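# A structural walkthrough
Okay, here's what each chain looks like letter by letter:
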Amino acid sequence: MSATSLPATAQPRSGETFDAWKQAVVQRTEKALERTLPTSSTTSARLHEAMRYAVLGGGKRVRPLLCHAAGFAAGADPLALEVVAAALEMMHVYSLVHDDLPAMDDDDLRRGRPTVHKQYDEATAILVGDALQAQAFITLRETPISAERQALLMGELAMAVGSYGMAGGQMIDLTSIGVELNRTRLEQMHRMKTGALIQASVRMGALCAQSLSFDLQALDHYSAASGLAFQVVDDILDATMDTATLGKTAGKDARDRKPTYVSIMGLDPARQLAQQLVEQAHDSLEPVGAAATWLHGLADLIMKRAH
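Summarised in this report is the structure supplied together with it. (Residues numbered from 1 in each chain as written. Predicted model: local features only at pLDDT ≥ 70, side-chain atom pairs only at ≥ 80, totals over all residues. Heavy atoms only, no water.)

### Some thoughts on the environment of Trp 21
As a reminder, the rule being used: Counting from the N terminus, the helices are DSSP H or I runs at least four residues long and the strands are E runs at least two residues long. Three exposure classes are used, based on accessible area relative to the maximum for each residue type with a 1.4 Å probe and protein chains only: buried under 20%, partly exposed in between, and exposed over 50%. Residue contacts are defined here by distance: any two heavy atoms, one from each residue, within 4.5 Å place the two residues in contact.
If you trace the backbone, Trp 21 turns up in helix H1 (residues 18-36). Accessibility expressed as a relative area gives 7% for Trp 21, which makes it buried. Distance from Trp 21 to Ala 167, taken between C-alpha atoms, is 32 Å for residues 146 residues apart in sequence. Setting aside anything within four residues of it in sequence, one finds Trp 21 in contact with Glu 16, Leu 65, His 68, Ala 69, Trp 294 and Leu 298.

So this is what it looks like as structure tokens:
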């Protein structure tokens, strides 16, 4: 597929760099989140305030970026992508809020600020997670696409966060503390806990398009490789960076005796694995052609985090 044959929405603006595109998408995501989250001036003000605290407190917005990049490749309407990206970020933040709870990872810091249960209280944090999960589906309902396609997006998101995805991966994580996992089991955990929502972000972006000129399988291979690379790099960062740089408690996995790619393989082999996975992600995009430009950029961004 040549660049000249791409839909207008799947062609980079002349001279637009990856960094400029990334910054523009993050800004649009922030505005969409501001718009779609309930305000603290309405009923349940404390809950809504805490939801906004959790979601609007910074973050890399990786899942919205993946959604926009895949949607760009498929020629999707940017307005639809904004809504879907906001829903994905709400779902991601819900998982972080619950993950930080004392019953889970028991963390006091997230994105350089007190976690929700520290800023408010545990009961509020639980309700924030519950409400954000619901708000994600409420937001998807507002996507300017057909009702049939809305239902498809909701199904993708539900599968990604259920017992076969994020929740199931978290269960493996909780039962693996102090246990020696082999690499196969560790990979399964991360493909569920982290990778499932990353895959959904890519698929949902593409599914916002009216039609696809390439097979979704290419994007599935991309998200499988890049999602696992993202987790490997996270393990590397946890072992090598300080708390101020990470914005969350550094070295916590080792102190909690959690299995990681660094603890199982060693630091240098983990770095080599991350590089191999990023290369696999790039290779998987060949069927997508020139429209995959921003997806390639995001794969490279994963490795940049490790250096």
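### Some thoughts on the layout of surface pockets
Stated formally: Here a cavity is any set of points on a 1 Å grid over the protein atoms alone where a 1.4 Å probe fits but cannot get out, and a pocket is any open set with protein on both sides within 12 Å along at least 5 of 7 lines; a residue lines the site when it has an atom within 4 Å of a point. Grid points are joined across faces, edges and corners, and a volume is the space filled by probe spheres set on the points. By the convention adopted, Pro, Cys, Tyr, Trp, Phe, Met, Ile, Leu, Val and Ala count as nonpolar, Lys, Arg, Asp and Glu as charged, and the other residues, Gly among them, as polar.
When its volume is computed, the largest pocket comes out at roughly 1,200 Å³. Around the largest pocket, the lining is made up of 50 residues, and of these Leu 96, Asp 99, Arg 110, Asp 234 and Lys 248 lie nearest the centre. Taken together, the elements giving at least two residues each to the lining of the largest pocket come down to helix H3 (62-74), helix H4 (78-99), helix H8 (166-174), helix H9 (183-207), helix H10 (216-240), helix H11 (243-246) and helix H12 (252-255). Partitioned by chemical class, the residues of the lining of the largest pocket number 16 nonpolar, 13 polar and 21 charged.

### Observations regarding the packing of H9 against H10
The cut-off we apply is this: Only the stretch in contact is used when fitting a helix axis, every axis being a line fitted to C-alpha atoms; angles between N-to-C directions are given from 0 to 180 degrees. When describing relative orientation, an angle under 35 degrees is termed roughly parallel and one over 145 degrees roughly antiparallel, while 65 to 115 degrees is termed roughly perpendicular and anything else oblique. By definition, any crossing whose near helix is turned counterclockwise from its far helix by less than a right angle is left-handed, and any crossing with a clockwise turn is right-handed.
Between H9 and H10, the shortest axis-to-axis distance is 8 Å and the interhelical angle comes to 135°. When the axes of H9 and H10 are compared, the pair comes out oblique. The two elements H9 and H10 meet at a crossing, and its hand is right-handed. Contacts from Glu 187, His 190, Arg 191, Thr 194, Ile 198, Gln 199, Val 202, Arg 203, Ala 206 and Leu 207 in H9 reach Leu 216, Leu 219, Asp 220, Tyr 222, Ser 223, Ala 224, Gly 227, Leu 228, Phe 230, Gln 231 and Asp 235 in H10. A breakdown of the residues in the contact of H9 with H10 according to their chemical character gives ten nonpolar, six polar and five charged.

### Regarding the pattern of salt bridges
In plain terms, the rule: Any carboxyl oxygen of Asp or Glu within 4 Å of a side-chain nitrogen of Lys or Arg constitutes a salt bridge here.
Throughout the structure, instances matching the rule amount to 18 salt bridges. In this structure, the salt-bridge partner of Arg 35 is Glu 82, at a minimum N-O distance of 4.0 Å. Note that Arg 35 is positioned in helix H1 and Glu 82 in helix H4, a separation of 47 residues in sequence. Here Arg 35 falls in the exposed class, since its relative accessible area comes to 53%. Look at Glu 82 and you get buried, because its relative accessible area is 15%. With its nearest N and O atoms 2.8 Å apart, the salt bridge here joins Asp 100 to Arg 110. Of this pair, Asp 100 sits in the loop between H4 and strand S1 (109-110) while Arg 110 sits in strand S1, and the two are ten residues apart along the sequence.

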